[in-house]
Each structure stands twice: as C-alpha cells, then as structure tokens.
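What follows is each chain in one-letter form.
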Amino acid sequence: MIGHLVPDDEDDAYRGRVRERGKWASRLAWWDGKFRSLLLDLLIAVAAVAMPDDPEIWQQWVLVPANAVLFAGLLVRRRFPWIAVLAAAAISVLSGTADQSMAVVIALYTMAKQRGPVASTWGAAAIVAVAQLTRMLLMANESLWSSGMLGVLLGLGAMLTGFVGMPTLLGLWLYQRRDLLRSLRERAVQAERERDLLAERAVGAERRRIAREMHDVVAHRVSVISLQAGALTMTAADERTEQVAEVIRVSSSAALSELREMLRALRDDAENPGGDHAAPTLEGVRELVADSVAAGADIALDMPAELPEASTAVGRAAYRVVQEALTNAGKHAPGSPVRASVAVGPDGLAVEVVNARGTGTTVVEGSGYGLIGMRERVTLAGGTLQVGRTDEDGYRVRAEFPVLEPAAAS
C-alpha cells in the first residue's frame, strides 16, 4: 500500500526490540536503566571486599557477614546509599586497617551525589568521620603518635580530607551540576512553550485584524454590489438586463456568504460556522458554470451524472480550480469559447478547463496569485496541477486528484 514503508515482519521485529529494551530498562531502574552501571557497581563491590591479614577468630565471625552486607550495599548504592555507608564505616573500625578506604570513599560520594546537601548527607559524613577517628585512635601506629601533637593533627586532617571532605565535595558538585542541567533543560522547554504561545497569539491577532479589514472593506463593497444588482433586477428595462442583474445578485450573495464563512474561520470559529452556506463541492461545478453561462459566457461543460465519493478537500479544490480558471478566461480572453470537463477514471478525478485565444482583455485587475492559490489547494488535496498554452494558443488548466471509492448508484 502507498505510505506503508516498513514490511509487517520488520515492523513487528522493531516493536519487539523496543518492548525488550523497555523491560530491561525497568529491571535496571536501580542502575539508571543501564547495564554498564550495574557492571561497574559489581566490579566496585568485588574490589572493595577484603579481609585483614591473619584475622583473629572474632574478626572472621564478624567481618565475613559484614563484608557480605558491604558487597550488597555497594551493589545497590545508587538506590540505598545508607547500607553502603554504614557497612563501610563499621568494617573500617572492626578491621582496624585502611583496606576498606575505597569502600568508605565511594559510599560517602554516592550519598552526596544522590541526596545532595541534605541532613542525610551530613549525617553520613559525620558517621564516616567518627569511624575513621575511632580507627586511628584504636590502631597501633607508633610512628603517628611519636610525631608529636602537630603530626597527629596533620594526620587527622589528611585523613578527614581524604575520607570525608573530598568524596563529599565531589558528590555535592556532581549533584549540583545535574540539578543545574535539569533546571536549564526545563527552562529551555518553558521558553520554547512560551515562544510558541506568543507566536500563536500573534497569529491569532493578525487573523482577527485581517478579518476586521475584510469585513470593513470587502464585505461592505460586495454587499453594495448585491444590493445594486437587486435594485437593477427590479427596475431593468428589458429581460436580458434583468437576467444579467439577477446573476450578478446571486453571485455576489454567494460570494458574501463565502466571505462570512472565511471571516468566521479567521476568528477561530470555524468549528461551528453556522448558516446555510455549505462548502463548495463537485456538484457545485454545474451551478457555477450555469451562472457564468447566464451572465453571457460561452462555456461547454462535460461532466458525468454520477460523481465519485471524494473528500471535502478534493471537492473544494476541484470547485476552486474551475472557478479560478473561468475567472481567468473571462479576464484574459473575454468572449472566447471555454470547454470545461470533469472526468472520472481508474486513477482518480481529472478537472480541466480550456479556453481559446481571446481578442482582448477586460479592465478587471487581478492579484497575480490565482495560479499560486490553485496549485496550493490542489497540492493540499493530494493532487497535481498542470497549466500552460495549447497548440492553438489558448490556455489550459488541468488538475488531477486521487479518489478513494466511486459513488454508489442512486
């Protein structure tokens, strides 16, 4: 089918891959939905678990389960950082060595990065600081104590900086950076929404201004034409003048109705336009040609009795093509014969208007946008437009539209 770019089996396979990725992302939610984050935490947990050399009996009984808790805590540190902090602090005191320094640093860094500058982060930093001070006070390090008070203070300062200060500050910096990026993204989205809203308001204001101008100028002049034509119909000296005046009155009334519908659309009230005037359709081509013939034009229409079921866009575009082509023929080739046809084929609907070479032009000025407007309408309806000179130096306008299904016989 037209517009179906991907085969069904490939489309189903793609949807299956998307669903599978969604399942994996939900399973890895504790690791930010990334398998590499899980692998990194697993490697960190394995590397952080250690036992002191020649452990005593009580250390074996205590540190083995404590290391198991530390392993689990480091594995789920992104979701439950407290487990890693408490287990690492406890093991550093129980072991009496600095073997678990990496675990302490990573646990405190994770707490600061995940929670930010809140009470839980400061509490975790205090627990780690107390644990490290306790470890240093309990361990037998004669070189530390023999260096005097200054050496002890320097050692404690270096320990607190390395085990508490640096991981906390690094985690808080990353937390603030992530929060800033999130805030900037939200501001960018908000700015884009506000820009779109301002653009919509500007478009709405311009539409209302155009509607006011059209109502004050165009609608007023068309109303005057309709009233004058009606008066001429009542006071015409002969039948021919009366017929022409009636055609002018009917055409101007129809134009005024269409103009009112356009004004409602410009004022954002197109959902409920009201009134009895309906959108132009293929059936309206007959009446359009009949009005032009009644006004004195030489037009021959070839149109089937049964028309296909076409969308509103196709019907409106076909009607406007015929209308614009007849108007151009009347302006640029007045009095020349015109042949209009509406043909239905297996590939769709074709509308064509051909006029012979004219002997002159009228004084009616055009905007120069008639052909551009026709092309835009036909393109929006999914069709194609061809315009140009004929071999007899006339002019031809041909539009082709796709049709979904033929109308059922009545």
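Residues numbered from 1 in each chain as written. Predicted model: local features only at pLDDT ≥ 70, side-chain atom pairs only at ≥ 80, totals over all residues. Heavy atoms only, no water.

A. Representation of the overall build of the protein chain. Across its full length, the protein chain carries 12 helices and 5 strands. For the protein chain, the proportion of its 410 residues judged to be buried stands at 30%. Roughly 25,700 Å² of accessible area belongs to the protein chain as shown, and the carbon and sulfur atoms make up 59% of that amount. (Helix = DSSP H or I, 4+ residues; strand = E, 2+ residues; numbered from the N terminus. Buried < 20%, exposed > 50% of the residue type's maximum accessible area, 1.4 Å probe, protein only. Areas by Shrake-Rupley, 256 points an atom, 1.4 Å probe, with all protein chains shown as cover.)

B. Summary view of the pairing of strand β2 (residues 338-345). As paired elements, strand β1 (residues 299-302) and β2 share 4 bridges and run parallel to each other. Within the sheet, the bridge partner assigned to Ile299 lies in β2 and is Val338. Regarding the hand of the β-α-β motif, the stretch spanning β1, helix α11 (residues 312-332) and β2 is left-handed. Bridge count between β2 and strand β3 (residues 348-355): 8 bridges; the pairing is antiparallel. Bridging from a neighbouring strand, Ala340 pairs with Val353 of β3. (Pairing = 2+ DSSP bridges. Right-handed = clockwise from strand over helix to strand, strands pointing away.)

C. Just the sheet that holds β2, in detail. Reading across the sheet, the 5 strands line up as β1-β2-β3-β5-β4 and stay open at both edges, with mixed pairing between neighbours. The sheet terminates laterally at β1 and β4 (384-389), the two strands that pair on one side only. Pairs of neighbouring strands in the sheet enclose a mean axial angle of 10°, with direction left out of account. Note: β3 against strand β5 (residues 395-401), 7 bridges, orientation antiparallel. If you follow Val351 over to β5, its bridge partner there is Ala399. (Axes fitted to C-alpha atoms, helices over the stretch in contact; angles between N-to-C directions.)

D. Quick peek at the packing of helix α2 (residues 35-48) against helix α5 (residues 101-115). Between α2 and α5, the least distance of the axes is 9 Å, while the angle of their chain directions is 145°. The two elements α2 and α5 cross, and the hand of that crossing is left-handed. Counting all contacts with α2, which are made through Ile44, Ala47 and Ala48, the residues of α5 involved are Met102, Ala103 and Ile106. (Left-handed = near helix turned anticlockwise from the far one by under 90°. Contact = heavy atoms within 4.5 Å.)

E. Structural view of unusual backbone geometry. Located in the positive-phi region is Asp393, a residue other than glycine, with phi close to 65°. Along the chain, Asp393 falls in the loop between β4 and β5. Residue classification places Asp393 among the partly exposed residues on the basis of a relative accessible area of 33%.

F. Inspection of helix α4 (residues 81-95) at higher detail. The end-to-end C-alpha distance of α4 is 21 Å, a good match for the 21 Å that 15 residues give at a rise of 1.5 Å each. All of the buried residues along α4 are Pro81, Ala84, Val85, Ala87, Ala88, Ala89, Ile91, Ser92 and Ser95. (Expected span 1.5 Å × (residues − 1).)

G. The arrangement of a nonpolar patch on the surface in detail. A grouping of Phe35, Leu39, Leu42, Leu43 and Val46 is seen on the molecular surface, where their side chains present a nonpolar patch of about 480 Å² in accessible area. Summarising the element assignment, Leu39 is placed in helix α2. Residue Leu39 is classed as partly exposed on the basis of its relative accessible area of 42%. (Patch = residues over 30% accessible without salt bridge, like charges linked within 9 Å, V, L, I, M, F, W, Y side chains within 5 Å. Salt bridge = Lys/Arg side-chain N within 4 Å of Asp/Glu carboxyl O.)

H. Quick look at helix α12 (residues 370-380). Listing the buried residues of α12 in full gives Gly370, Met374 and Val378. All buried residues of α12 lie within an arc of 60° about the axis, which places them on one face of the element. Turned more than 90 degrees away from the buried face of α12 sit Glu376, Thr379 and Leu380, all of them exposed. Looking at the packing, one finds that the buried side of α12 touches α11, β4 and β5. (Arc of directions from axis to C-beta.)

I. Region of the structure containing the pattern of salt bridges. The tally for this structure, following the rule as stated, stands at 8 salt bridges. For Arg195, the salt bridge goes to Asp196, with nearest N and O atoms at 4.0 Å. Among the residues examined, Arg195 registers a relative accessible area of 53% and is labelled exposed. Here the salt bridges share partners, and the residues they tie into one network are Arg339, Glu352, Arg396, Arg398 and Glu400.

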